[in-house]
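Spelled out from the first residue to the last, the chains are:
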Amino acid sequence: MTDRPRNVAVIGAQWGDEGKGKIVDLLCEDFDVVARYQGGHNAGHTVKFADKHFALRLIPSGIIHPQKLCLLGNGMVIDPEALLEEIANLRAAGVVIEENLLISDSAHCILPYHKALDLAREEAAGTAKIGTTGRGIGPAYESKAGRYGIRIADLLDPDVLRQKIEFTCAERNAVLRDVYKRDTFDPKKLYDDYLRFAEQLAPRIINGTVWINEQIRAGKRVMFEGAQGMMLDIDHGTYPFVTSSNTVVGGVCTGLGVAPKHIHEVIGVAKAYTTRVGGGAFPTELNDAMGEHLRKRGNEFGTVTGRPRRTGWLDLAVLRTASTINGLDAIALTKLDVLDEFEEIRICTAYKVHGKTWNTFPAFAVAHHDYQPEYKTFKGWKSSTAGMTTFEELPAEAKDYVRFIEDETETRVTIISTGPRREETILRRS
Ligand code: IMP
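All values reported here derive from a predicted model rather than from experimental measurement.

### Things to note about helix α11 (residues 396-409)
Part 1 of the reasoning: A rise of 1.5 Å per residue sets the reference length of α11, with its 14 residues, at 20 Å; its end C-alpha atoms lie 20 Å apart and thus fit the reference within 8%.
Part 2 of the reasoning: Within α11, burial applies to Ala398, Lys399, Tyr401, Val402, Phe404, Ile405, Glu406 and Thr409.
Part 3 of the reasoning: Looking at the buried side of α11, the elements it contacts are β14 (314-315), α10 (316-326), β15 (330-334), β16 (344-353), β18 (371-379) and β19 (412-417).
Part 4 of the reasoning: Residue glutamate 410 follows α11 closely and has a positive phi angle near 55 degrees.

Here it is in structure tokens:
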């Protein structure tokens, strides 16, 4: 299949939870390496295969395929304890995890004080809280940007590890104790724990940048697996209601040390409607029975936290923004079957904010802006599309819905997901 793009990025085109896990799992047959470039165990990918259900947080979805090599890239923040637990859970479910899982030595560690700070801040913020996953993601990226973070490489040098834990723990303890009136952490215990984690993870730790570029030079095919969604990007998302990493395709370059010329195709994964967890702008949100119906039919509850997701109509301003910033070559549209029962289905084509019409997401967007979405209404198809595998089978109304998305985003919908399983998918490219 020499005409296929060699290296492909799969990224979330909305606010996360678009179903990237299934798409990566589906496509990864054709790839040798699956690499993650940002985020941590705030992500929750669910993959269903052979009647088994795999919950992945840190580890790329490619791990379920025995021959794939998986890399946790330098742009990630990794809680070693959570990683070891995930490895143990996957092994218990029969997944082989040996030399096929590698960790970049330049990725940063999440420590328990990061988590404690995340939780304390959220509580102190009251109604202004971000609604984080409480995993310590933001504080760990702060440590990284502040240049006192503990990197995976530091786990391999006990003296450096001790010094760094002592220094950072003293400072973070002061904030926890004096600002937030929280319990503090014993640096000696942290050191002992992290040394123990280090022993278990050491054989997997490599220079990820050198390794992935060697793979690319050797002609191996790489899939770059995004976590969260582009609207949660620290620079391009709905700041401050975002995560702390670059979820957009540019994150592949910084988060793995891969040059742009090696990213040959970008697939944006979008749900056929919209969801988001946590606070922040959501112009097409449905706070009514319709929204509740979407939540129930789509089983819209967080994989990591179990929180009910906010639900709403598909938003083309979001998809156009995703298409522009990521240069999307294709869209994978997921959960089309969730819309099967609706009389009418709406798509937001633009919104008015303070009298001005926006076709893309306004850069200054914050929650309190008064969005007035403009909708196009489609007649519902009122029949089951669940499990369909060809575009031709889809009801005419569903075809119209998909074609409208293609026209408005100027991006081809090449994959349509009609159920959680691999085979419940329409593949439209040759
Ligand atoms: P954090 O990444 O835990 O700091 O959370 C920041 C924001 O990103 C919150 O609104 C979270 O709900 C959201 N978020 C983080 N990870 C995910 C994800 O995997 N899916 C959807 N939302 C996420």
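### Some details on the pattern of salt bridges
Part 1 of the reasoning: All told, the structure shown has 25 salt bridges when counted by the stated rule.
Part 2 of the reasoning: As a salt-bridge pair, glutamate 374 and lysine 352 come within 3.4 Å of each other at their nearest N and O atoms. Here glutamate 374 is found in strand β18, whereas its partner lysine 352 is found in strand β16, with 22 residues between them in sequence.
Part 3 of the reasoning: As a salt-bridge pair, arginine 428 and glutamate 406 come within 3.1 Å of each other at their nearest N and O atoms. Of this pair, arginine 428 sits in the segment after β20 (425-427) while glutamate 406 sits in helix α11, placing them 22 residues apart in sequence.
Part 4 of the reasoning: Judged by relative accessible area, glutamate 406 falls into the buried class, the value being 14%.
Part 5 of the reasoning: Look at the salt bridges and you will find they share partners, linking Asp17, Lys271, Glu300, Arg309 and Lys335 into a network.

### So, the side chain of aspartate 154
Part 1 of the reasoning: If you trace the backbone, aspartate 154 turns up in the loop between α4 (137-146) and α5 (158-179).
Part 2 of the reasoning: Judged by relative accessible area, aspartate 154 falls into the buried class, the value being 10%.
Part 3 of the reasoning: A distance of 2.8 Å separates the side chain of aspartate 154 from the backbone nitrogen of arginine 151, its partner in a polar contact.
Part 4 of the reasoning: Among all residues touching aspartate 154, those that are not within four sequence positions of it are Gly149, Val160, Leu161 and Lys164.

### A few points about the site of the ligand
Part 1 of the reasoning: Surveying the vicinity of the ligand reveals 17 residues, the closest of which are Asp17, Asn42, Thr133, Thr243 and Arg307.
Part 2 of the reasoning: Within the side chain of threonine 133, an N or O atom sits 2.6 Å from an oxygen atom of the ligand.
Part 3 of the reasoning: Calculation on the ligand without its partners gives an accessible area of 470 Å², and the protein chains cover 97% of this total.
Part 4 of the reasoning: In terms of residue class, the shell around the ligand is built from seven nonpolar, eight polar and two charged.
Part 5 of the reasoning: When residues of the shell around the ligand are sorted by domain, at least three fall in each of domain 1 (8-105 + 207-427) and domain 2 (108-204).

### Quick notes on the domain arrangement of the protein
Part 1 of the reasoning: Considered domain by domain, the protein is made up of domain 1 (8-105 + 207-427) and domain 2 (108-204).
Part 2 of the reasoning: Relative to domain 2, the C-alpha centre of domain 1 lies at a distance of 28 Å.
Part 3 of the reasoning: Taking both sides of the interface into account, the surface hidden between domain 1 and domain 2 amounts to around 2,400 Å²; carbon and sulfur atoms contribute 61%.
Part 4 of the reasoning: When the area that domain 1 buries against domain 2 is broken down by residue, the three leading residues are Val77, Pro80 and Leu84, summing to 24%.
Part 5 of the reasoning: Remark: the boundary between domain 1 and domain 2 carries zero salt bridges.
Part 6 of the reasoning: There are eleven residue pairs in polar contact (both at pLDDT 80 or more) connecting domain 1 and domain 2.
Part 7 of the reasoning: Mapped onto the side of domain 1 that touches domain 2, the elements with two or more residues apiece are β6 (77-78), α2 (80-92) and β7 (101-104).

Each value, and the rule that gives it
- Residues numbered from 1 in each chain as written.
- Predicted model: local features only at pLDDT ≥ 70, side-chain atom pairs only at ≥ 80, totals over all residues.
- Heavy atoms only, no water.
- Helix = DSSP H or I, 4+ residues; strand = E, 2+ residues; numbered from the N terminus.
- Expected span 1.5 Å × (residues − 1).
- Buried < 20%, exposed > 50% of the residue type's maximum accessible area, 1.4 Å probe, protein only.
- Contact = heavy atoms within 4.5 Å.
- Salt bridge = Lys/Arg side-chain N within 4 Å of Asp/Glu carboxyl O.
- Polar contact = N/O pair within 3.5 Å; in protein donor to acceptor, adjacent residues only side chain to side chain.
- Near = heavy atom within 4 Å.
- Areas by Shrake-Rupley, 256 points an atom, 1.4 Å probe, with all protein chains shown as cover.
- Nonpolar A, V, L, I, M, F, W, Y, C, P; charged D, E, K, R; others polar.
- Domains from an automatic or database assignment.
- Buried area = accessible area lost by both parts, 1.4 Å probe.

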